[in-house]
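Listed here are the chains, written in short residue letters.
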Amino acid sequence: MKRGQEITVIVDYDLFDLNVKGEKGVYVKTDEVTGKHLIYFRVNGEWAELPDDQIKPCRPGKVSQKNKEFVDLIKTMPITYAP
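Residues numbered from 1 in each chain as written. Predicted model: local features only at pLDDT ≥ 70, side-chain atom pairs only at ≥ 80, totals over all residues. Heavy atoms only, no water.

Moving on, we get to the overall build of the protein. Within the protein one finds 1 helix and 5 strands. Traced from its N-terminal end to its C-terminal end, the protein shows the element sequence β-β-β-β-β-α. Projected onto the principal axes, the alpha-carbon positions of the protein cover approximately 45 × 30 × 25 Å. Scored against the burial criterion, the 83 residues of the protein give a buried share of 25%. Of all intrachain contacts in the protein linking residues separated by at least 6 positions in sequence, the fraction that spans at least 24 positions is 50%. A total accessible area of about 5,900 Å² is found for the protein, and carbon and sulfur atoms account for 53% of it. Charge separation in the protein, taken as the distance between the mean sites of 13 positive and 13 negative side-chain charges, equals 9 Å. (Helix = DSSP H or I, 4+ residues; strand = E, 2+ residues; numbered from the N terminus. Buried < 20%, exposed > 50% of the residue type's maximum accessible area, 1.4 Å probe, protein only. Contact = heavy atoms within 4.5 Å. Areas by Shrake-Rupley, 256 points an atom, 1.4 Å probe, with all protein chains shown as cover. Lys, Arg positive; Asp, Glu negative; His and termini not counted. Charge placed at Lys NZ, Arg CZ, Asp CG, Glu CD.)

What follows is about the pattern of salt bridges. One pass over the structure, following the stated rule, counts 1 salt bridge. The salt bridge partner of Asp72 is Lys68, with a shortest N-O separation of 2.8 Å. One end of the pair is Asp72 and the other is Lys68, both in helix H1 (residues 65–72) and 4 residues apart, which spans about a single turn. Under the relative-accessibility criterion, Asp72 is labelled partly exposed at 40%. (Salt bridge = Lys/Arg side-chain N within 4 Å of Asp/Glu carboxyl O.)

Moving on to the nonpolar core. Counting residues in each nonpolar core, the largest one holds 10 residues, listed as Ile7, Val9, Leu15, Val20, Tyr27, Ile39, Phe41, Ala48, Leu50 and Ile55. Secondary structure elements with two or more residues in this core: strand S1 (6–9), strand S3 (37–41) and strand S4 (46–50). Once residues within four sequence positions are removed from consideration, Ile7 is found in contact with Met1, Glu23, Lys24, Gly25, Tyr27, Ile39, Ile55, Lys56, Pro57 and Cys58. (Core = buried A, V, L, I, M, F, W, Y, C linked by side-chain atoms within 4.5 Å.)

With that settled, the discussion passes to unusual backbone geometry. Of note, the phi angle at Phe16 is positive, near 55 degrees, even though the residue is not glycine. Structurally, Phe16 can be placed in the loop between S1 and strand S2 (24–30). Judged by relative accessible area, which is 61%, Phe16 ranks as exposed. Residues other than glycine seldom take positive phi values, yet Asp17 does so here, at roughly 70 degrees. Tracing the backbone shows Asp17 in the loop between S1 and S2. Overall, the relative accessible area of 75% leaves Asp17 in the exposed class.

Rendered as structure tokens:
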């Protein structure tokens, strides 16, 4: 998947008292360990980690200007604590 691509949730998923089935989200990245995708939902301003079988790309490979501008602002938090 491409960073900023729009996805749709295809299963019932409770995200802070909102069922996001059928809602659109913005793909940000895939976790290397779990394989789950980090998705941001504008509908309630929340984040979710969902596996492949719970999402479907809306327009594979296409990223809107609005989503591109949004994901360009997102950075991975650096680890600053060293034991």
